[in-house]
Amino acid sequence: MGLEAKLASDGFLTTKLDAVIAWCRKNSLWPMPMGISCCAIEMMSAVDPKYDMSRFGSEVMRFTPRQCDLIIVAGTVTYKMAHVVRRIYDQMPSPKWVIAMGACTSSGGMYRSYPVVQGIDQFLPVDVYTAGCPPRPENLLNALLELQKKIEGTRARDFQNKPLLDLNLSKN
Ligand code: SF4
């Protein structure tokens, strides 16, 4: 069997290329800081010189979703605000990832009340949840490392034709 035929049958070249792409992706996540309430203060701390999120290649926060591939949702999300968060997520190019930062974002937290969404996974495909009220900056960095591990195992074609999650907000 010739080299070309062997590469085509074994997929060697594709596998290596996937590994390089995944390595680049995981080390250059550009976060969209979706700071909605108190948790956002700790998110800001994570990029300061003390906690130094740039060690993991993610210090380039962007305030336009079209330049981001990671949205960090930090704060209490109301049903009214959920539509805005989802619109911003939809404007981000694929592949893209989601970190739910804090108890409110992950589960509604202490707000068991009608205007608060009981977890953003009702309308976003969350990749990593971060516990705490608020989570410390180290906890957000840990979430970022967990996300990097997840991205490391992906292949470029995993993101082709990925179905969009329905905007499942039954309250409104
Ligand atoms: S988890 Fe705590 S700190 Fe974070 S938004 Fe909710 S109340 Fe605020």
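Everything numeric in this text was worked out from a predicted model, so none of it was measured. (Residues numbered from 1 in each chain as written. Predicted model: local features only at pLDDT ≥ 70, side-chain atom pairs only at ≥ 80, totals over all residues.)

Trainee: Sorry if this is basic, but what is going on with the site of the ligand here?
Mentor: All residues in the neighbourhood of the ligand are listed as Ser37, Cys38, Cys39, Gly75, Thr76, Gly102, Ala103, Cys104, Gly109, Cys133 and Pro134. The residue makeup of the shell around the ligand, split by class, is 6 nonpolar, 5 polar and no charged. (Near = placed C-beta within 6 Å. Nonpolar A, V, L, I, M, F, W, Y, C, P; charged D, E, K, R; others polar.)

Trainee: Is there a simple way to think about the pairing of strand E3 (residues 97-101) in this case?
Mentor: Along any regular strand the residues' side chains alternate between the sheet's two faces. Within E3, 5 of the 5 residues are buried, which leaves it mostly tucked inside the rest of the structure. Side chains of E3 alternate between two faces, with Trp97, Ile99 and Met101 and Val98 and Ala100 buried alike. Taken together, strand E2 (residues 70-74), helix H4 (residues 79-91) and E3 constitute a β-α-β crossover, and its handedness is right-handed. Pairing of E3 with strand E4 (residues 128-130), which is carried by 3 bridges, proceeds in the parallel orientation. If you follow alanine 100 over to E4, its bridge partner there is tyrosine 129. (Buried ≥ 20, exposed ≤ 12 C-beta atoms within 10 Å, placed from the backbone. Helix = DSSP H or I, 4+ residues; strand = E, 2+ residues; numbered from the N terminus. Right-handed = clockwise from strand over helix to strand, strands pointing away. Pairing = 2+ DSSP bridges.)

Trainee: Mind showing me how you'd approach the packing of helix H3 (residues 39-46) against helix H6 (residues 137-152) here?
Mentor: It is at 8 Å that the axes of H3 and H6 come closest, and there the two elements cross at 70 degrees. As the angle between them shows, H3 and H6 are arranged roughly perpendicular. The segment H3 lies against H6, with Glu42, Met43, Ser45 and Ala46 engaging Pro137, Leu140 and Leu141. Across the contact of H3 with H6, the residue classes break down as 5 nonpolar, 1 polar and 1 charged. (Axes fitted to C-alpha atoms, helices over the stretch in contact; angles between N-to-C directions. Parallel < 35°, antiparallel > 145°, perpendicular 65-115°, else oblique. Contact = placed C-beta atoms within 7 Å.)

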